[in-house]
Amino acid sequence: MAQISEDYVSENRSGVGGGISDVYGEDIATLDQLVTPWVTSVASGSTLMRDPRYNKGLAFTDKERDAHYLTGLLPPVILSQDVQEKKMMHNLRQYTVPLHRYVALMDLQERNERLFYKLLIDNVEELLPVVYTPTVGEACQKYGSIFRRPQGLYISLKEKGKILEVLKNWPQRGIQVIVVTDGERILGLGDLGCQGMGIPVGKLSLYTALGGIRPSACLPITIDVGTNNEKLLNDEFYIGLKQKRATGEEYAEFLHEFMCAVKQNYGEKVLVQFEDFANHHAFELLSKYCSSHLVFNDDIQGTASVVLAGLIAAQKVLGKSLADHTFLFLGAGEAGTGIAELIALKISKETGTSIDETRKKIWLVDSKGLIVSSRKESLQHFKQPWAHDHEPVKELLGAVNAIKPTVLIGTSGVGKTFTKEVVEAMATFNETPLILALSNPTSQAECTAEQAYTWTKGRAIFASGSPFAPVEYEGKTFFPGQANNCYIFPGLGLGLIMSGAIRVRDDMLLAASEALASQVTDENFADGLIYPPFTNIRKISANIAACVGAKTYELGLASNLPRPKDLVKMAESCMYSPVYRNFR
């Protein structure tokens, strides 16, 4: 930095009567000279208001304004948090474009953390579609354009060999949950590269709002290894590396460095949730690290657990057991095979038969048709267990007519694939067909709620991945269920953290499914629902956390000893509260 003369400093005061001189030369430095970003370490005045963890906006009391040098920096009125919430919800409802609501909510999160979470907790059914699917999908597609302030940690190939150093740049130390994506398969939208950050940010906001994990314990991460999306590579506003995706050994080594660095920096008990990785990487990563890290894949395991919960609950309406059903899936990727495997495991435990036998009740259709034994040699490894003896069938309708399933599950990521002919066929040989159109966002759903109810003449039990509005059919109102992973992963994460789990096992996922199914009331069943309403989500999450924690202790994988007597009370006491704190 250029030498500054004492005469210049004494003659150039910024302000009158004791103004602060430009002692660091920031005002006279040229654009190509480096300056030091000096800040105060005391949370007071404008610094306090600009810190989202502590900012309360107009809720600071007169005493707090005096004590923390805020007097004059705010208008004189004092508003309670409830009034602020009412005002913010009023403002949000003025937006007609969902993406505008998303941007407004993200701005609030960056400005006033506690108000953001109070809004989300108190208005979960209204705001969940904004911070999560379907709006988050559009947000990821346009992330480069709406990008204002970085959220989370970006780790790109440029940081290879120094990922541990990058992790140490994150200001919070007590991290308990990491949600990480490489952006290759964002919802049903494909490769969005670095712009997939909207998914980890959204998921972790739900870990806090629905599961009560402290915001400071959550870390969203995007692994940027490039993108194969030509549109993004040619977009001047794209925020990621403009290169083709790394593959093979280069990709594996980079991810291994990341996983080792996470464990070294945050310890054995940090939960790493893999999110929206492409099929070939998702299965490999889960298989590779499940025995050495506390890892969980929401697309494979979370989806499986929430769908199984809905199926368990539906049996109370149908008066059957899972073993009485025949299942047909459209889609044989992460979600489809993950759900199928958990269903097979559940039936195996209920009936005492081998999992190889229970798999024979479950059939999968991929892009080439019904998965049958004659195709086994050409199948990816995760599809091979589902190749059964049958004649090849090319189309879904042909598979439905041949297999005659009682449950039809869509995880294809392709919209409008449950056609009228397919749904009507389900209704011809089932009095009450179970139809689950799970692909996200709403535009990619295999069919709509209205189509499912209309084409089955109101006889279907229907659930989807993204929300649908209630449907009127022949004078009766049907309430579509939502098989949303948000039911499972916040409570599962809380249970793992609360018990100090060191590994995730399938029995924990089964425990979460059973806990969720037990929360569905007779009133819910009367409305045609197989999932409880989101209004009670924190209570639901506490019960799931207790059941997951109990299973963790039972399996000997818990490190927080001794085991608490009342795990539900323990879960509730661990939950983060967004209510404003009073300052000294």
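Rules of the game
- Residues numbered from 1 in each chain as written.
- Predicted model: local features only at pLDDT ≥ 70, side-chain atom pairs only at ≥ 80, totals over all residues.
- Heavy atoms only, no water.
- Phe/Tyr/Trp six-rings, centres within 6.5 Å; stacked < 30°, edge-to-face > 60°.
- Helix = DSSP H or I, 4+ residues; strand = E, 2+ residues; numbered from the N terminus.
- Buried < 20%, exposed > 50% of the residue type's maximum accessible area, 1.4 Å probe, protein only.
- Lys NZ or Arg CZ within 6 Å of the ring centre and 35° of its normal.
- pLDDT = per-residue confidence, 0-100.
- Contact = heavy atoms within 4.5 Å.
- Pairing = 2+ DSSP bridges.
- Axes fitted to C-alpha atoms, helices over the stretch in contact; angles between N-to-C directions.
- Salt bridge = Lys/Arg side-chain N within 4 Å of Asp/Glu carboxyl O.
- Disulfide = S-S within 2.5 Å.
- Parallel < 35°, antiparallel > 145°, perpendicular 65-115°, else oblique.
- Left-handed = near helix turned anticlockwise from the far one by under 90°.
- 1 Å grid on protein atoms, 1.4 Å probe; cavity = no way out; pocket = protein on both sides within 12 Å on 5 of 7 lines; lining within 4 Å.
- Points joined across faces, edges and corners; volume = space filled by probe spheres on them.
- Nonpolar A, V, L, I, M, F, W, Y, C, P; charged D, E, K, R; others polar.
- Expected span 1.5 Å × (residues − 1).
- Arc of directions from axis to C-beta.

### Describing the packing of aromatic side chains
Inference 1: Under the definition given, this model contains 13 aromatic pairs.
Inference 2: Each ring, one from Phe-60 and one from Phe-583, has its centre 6.1 Å from the other, and the planes form 40°; the classification is tilted. With Phe-60 in the loop between helix H2 (45–49) and helix H3 (62–67) and Phe-583 in the segment after helix H25 (567–574), this pair connects stretches of sequence that are 523 residues apart.
Inference 3: By relative accessible area, Phe-60 is classed as buried at 0%.
Inference 4: The exposure class of Phe-583 is partly exposed, given its relative accessible area of 23%.
Inference 5: For the pair Phe-116 and Tyr-117, a centre-to-centre distance of 4.9 Å together with 75° between the ring planes defines the contact as edge-to-face. Each of the two residues, Phe-116 as well as Tyr-117, counts as buried.
Inference 6: Pairwise contacts between aromatic rings join Tyr-453, Phe-462, Phe-468 and Phe-478 into one cluster.
Inference 7: Lys-56 extends its terminal NZ or CZ atom over the ring of Phe-583, reaching a point 4.8 Å from the ring centre.

### Thoughts on the confidence of the model for the protein chain
Inference 1: In this model, the protein chain carries an average pLDDT of 91, and 93% of its residues clear a pLDDT of 70 or more.
Inference 2: In the predicted structure, residues 1–23 sits below a pLDDT of 50 and forms 18 contacts with residues beyond four places in sequence or in another chain.

### Remarks on the sheet that holds strand S5 (residues 218–224)
Inference 1: With parallel pairing, the five strands of this open sheet are ordered in space as S3-S5-S4-S6-S7. Each end of this open sheet is capped by a strand with a single partner; those strands are strand S3 (153–156) and strand S7 (295–297). Within the sheet, the average angular offset between the axes of one strand and its neighbour, ignoring direction, is 25°.
Inference 2: Sheet topology places S3 next to S5; four bridges connect them, and they run parallel. Of the residues in S5, the one forming a bridge with Tyr-154 is Thr-222.

### Remarks on the pattern of salt bridges
Close approach of charged atoms allows side chains of opposite charge to pair.
Inference 1: Counting across every chain of the model gives 29 salt bridges.
Inference 2: With a closest N to O distance of 2.5 Å, Glu-230 and Lys-244 form a salt bridge. Within this pair, whereas Glu-230 is found in helix H12 (residues 230–233), its partner Lys-244 is found in the loop between H12 and helix H13 (248–266), the two being separated by 14 residues in sequence.
Inference 3: With a relative accessible area of 45%, Lys-244 lands in the partly exposed category.

### Quick notes on the environment of Thr-442
Inference 1: Within the secondary structure layout, Thr-442 lies in the loop between strand S12 (434–437) and helix H20 (449–455).
Inference 2: Sequence separation between Thr-442 and Val-317 is 125 residues; the distance between their C-alpha atoms is 27 Å.
Inference 3: Those residues in contact with Thr-442 that sit more than four places away from it in its chain are Pro-134, Ser-466, Pro-467 and Phe-468.

### Quick look at the state of the cysteines
Structurally, a disulfide amounts to a covalent bond that connects the sulfur atoms of two cysteines.
Inference 1: Enumeration over the complete set of coordinates arrives at zero disulfides.
Inference 2: Among the cysteines around Cys-140, which has no disulfide bond, Cys-194 carries the closest sulfur, lying 11 Å off.
Inference 3: You can call Cys-140 buried: its relative accessible area is 0%.
Inference 4: No disulfide involves Cys-574; its sulfur sits 14 Å from the nearest other cysteine sulfur, which is in Cys-218.

### Regarding the packing of helix H4 (residues 81–94) against helix H5 (residues 98–111)
Inference 1: Relative orientation of the contacting elements H4 and H5 amounts to 150°, with a least axis distance of 9 Å. When the axis of H4 is compared with that of H5, the two are roughly antiparallel. Crossing of H4 over H5 shows right-handed handedness. In contact with Met-88, Leu-92 and Arg-93 of H4, H5 contributes Arg-101, Ala-104, Leu-105, Leu-108 and Arg-111.

### Regarding the sheet that holds strand S11 (residues 407–410)
Inference 1: The mixed open sheet is built from seven strands, whose spatial order is S10-S9-S8-S11-S12-S13-S16. Looking at strand neighbours, the two that pair on one side only are strand S10 (369–370) and strand S16 (481–482), the edges of this open sheet.
Inference 2: Pairing of strand S8 (residues 327–330) with S11 involves four bridges; the strand directions are parallel. Counterpart to Leu-330 in the pairing with S11 is Gly-410.
Inference 3: Across the face of the sheet, helix H16 (residues 334–351) comes into contact with S8, strand S9 (362–366) and S11 while running at roughly 165° to S8.

### Points about empty space enclosed by the protein
Inference 1: Summed over the entire model, instances satisfying the criterion amount to two cavities of 30 Å³ or more.
Inference 2: For the largest cavity, the calculated volume is near 130 Å³.
Inference 3: Together, Tyr-102, Val-103, Met-106, Asp-107, Glu-110, Tyr-143, Ile-146, Phe-147, Arg-148, Arg-149 and Gln-151 line the largest cavity.
Inference 4: Looking at the lining of the largest cavity, the elements with two or more residues in it are H5 and helix H9 (143–146).
Inference 5: The leading source of residues in the lining of the largest cavity is H5, at five residues.
Inference 6: Partitioning the lining of the largest cavity into residue classes produces six nonpolar, one polar and four charged.
Inference 7: Considered as a void within the structure, the second largest cavity measures approximately 40 Å³ in volume.
Inference 8: Residue lining of the second largest cavity: Val-262, Lys-263, Gly-267, Glu-268, Val-270, Ser-292, His-293 and Leu-294, and that is the complete set.

### Describing H4
Inference 1: For H4, spanning 14 residues, the distance from its first C-alpha to its last is 20 Å, which sits close to the expected 20 Å at 1.5 Å a residue.
Inference 2: Buried within H4 are the following residues: Gln-81, Gln-84, Glu-85, Met-88, Met-89 and Leu-92. Along the axis of H4, the buried positions cluster into a sector of 130°, meaning they face one direction only. Facing away from the buried surface of H4 by more than 90 degrees, the exposed residues are Lys-86 and Gln-94.
Inference 3: At its buried positions, H4 is contacted by H5, helix H6 (113–122) and helix H7 (124–131).

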